[in-house]
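Here's the letter readout for the chains.
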Amino acid sequence: MRSPHSVPQLGELEQQVMDLLWETSPRSVREVMDALPSKPAYTTITTVMQNLKTKNMVRAQRQGRFVSYLPQLSREEYIARQMHQALDTSNDMAASILHFVQDLPEEGLEMLRDYLEQS
């Protein structure tokens, strides 16, 4: 059974496309193509969009005769699920959390302290 925190692994181009969609969406295949520095082929981006739909990362939205794509999750939700997934697969969750917290910059520690004080 899949965990509610499970997230798909993204390939390099899939990640670039998601970054674009998280910045501005909806975007069409053509708009994504034009925004990528590597200038991939239309069919390549169409395939990437289909893969991202299959992974439940984007949804299609028809606007007249055009199809645009929107993220299913915000960037922050995606990252949070990655963090949960990493902890869910850890053999020692406490040790994993402690290592993570030890490596946080001071700004992150302050944010964590403030959050815990409010809880």
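A quick note: this is a predicted structure, and the numbers were derived from the prediction, not measured.

Reading the values: rules and limits
- Residues numbered from 1 in each chain as written.
- Predicted model: local features only at pLDDT ≥ 70, side-chain atom pairs only at ≥ 80, totals over all residues.
- Heavy atoms only, no water.
- Helix = DSSP H or I, 4+ residues; strand = E, 2+ residues; numbered from the N terminus.
- Buried < 20%, exposed > 50% of the residue type's maximum accessible area, 1.4 Å probe, protein only.
- pLDDT = per-residue confidence, 0-100.
- Salt bridge = Lys/Arg side-chain N within 4 Å of Asp/Glu carboxyl O.
- Patch = residues over 30% accessible without salt bridge, like charges linked within 9 Å, V, L, I, M, F, W, Y side chains within 5 Å.
- Areas by Shrake-Rupley, 256 points an atom, 1.4 Å probe, with all protein chains shown as cover.
- Pairing = 2+ DSSP bridges.
- Contact = heavy atoms within 4.5 Å.
- Axes fitted to C-alpha atoms, helices over the stretch in contact; angles between N-to-C directions.
- Core = buried A, V, L, I, M, F, W, Y, C linked by side-chain atoms within 4.5 Å.

Please give an account of the environment of L109 that cites residues and values.
If you trace the backbone, L109 turns up in helix α6 (residues 106–118). Overall, L109 belongs to the buried group, its relative accessible area being 19%. Taking the C-alpha atoms as reference points, L109 and A94, 15 residues apart in sequence, are found 17 Å from one another.

Mind laying out the confidence of the model for the protein, listing which residues take part and the relevant values?
On average, the protein scores 93 in pLDDT, and the residues at 70 or more come to 96%. Considering each helix and strand of the protein separately, the mean pLDDT is smallest for helix α5 (residues 93–102), with a value of 91, and largest for helix α1 (residues 12–23), with 98.

Tell me about the pattern of salt bridges, and please be specific about residues and values.
Evaluated as defined, the whole model comprises three salt bridges. Here E106 makes a salt bridge to R113, at a shortest N to O gap of 3.3 Å. A relative accessible area of 44% means that E106 is categorised as partly exposed. For R113, a relative accessible area of 41% translates into the label partly exposed.

Talk me through a nonpolar patch on the surface; I want residue IDs and the actual numbers.
Among the surface-exposed residues, I79, M83 and F100 lie close enough to one another that they form a single nonpolar patch of about 270 Å² accessible area. Residue position: I79 is located in helix α4 (residues 75–88). I79 gets classed as partly exposed once you look at its relative accessible area, which sits at 37%.

An account of the sheet that holds strand β1 (residues 27–28) is requested, with residue identities and associated values reported.
Spatially, the three strands line up as an open sheet ordered β1-β3-β2, and their pairing is antiparallel. A strand with exactly one partner marks an edge of an open sheet, and here the two such strands are β1 and β2 (58–63). Two strands pair when backbone bridges link them, and β2 and strand β3 (residues 66–71) are joined in this way by six bridges, in the antiparallel orientation. If you follow R59 over to β3, its bridge partner there is L70. Sheet contacts for α1: β1, β2 and β3; angle to β3, the most-contacted strand, approximately 90°.

Describe the side chain of S28, naming the residues involved and giving the relevant values.
Looking at the element boundaries, S28 is found in strand β1. Not counting residues within four places of it along the chain, the set of residues in contact with S28 comprises V67 and S68.

Which residues make up the nonpolar core, and what values do they have?
Counting residues in each nonpolar core, the largest one holds 20 residues, and the members touching the most others are V17, M18, L21, V32, I45, M49 and L52. Looking at this core, the elements with two or more residues in it are α1, α2 (29–35) and α3 (42–54). Apart from the residues within four sequence positions on either side, L21 is in contact with R27, V32, M49, V58, Y69 and P71.

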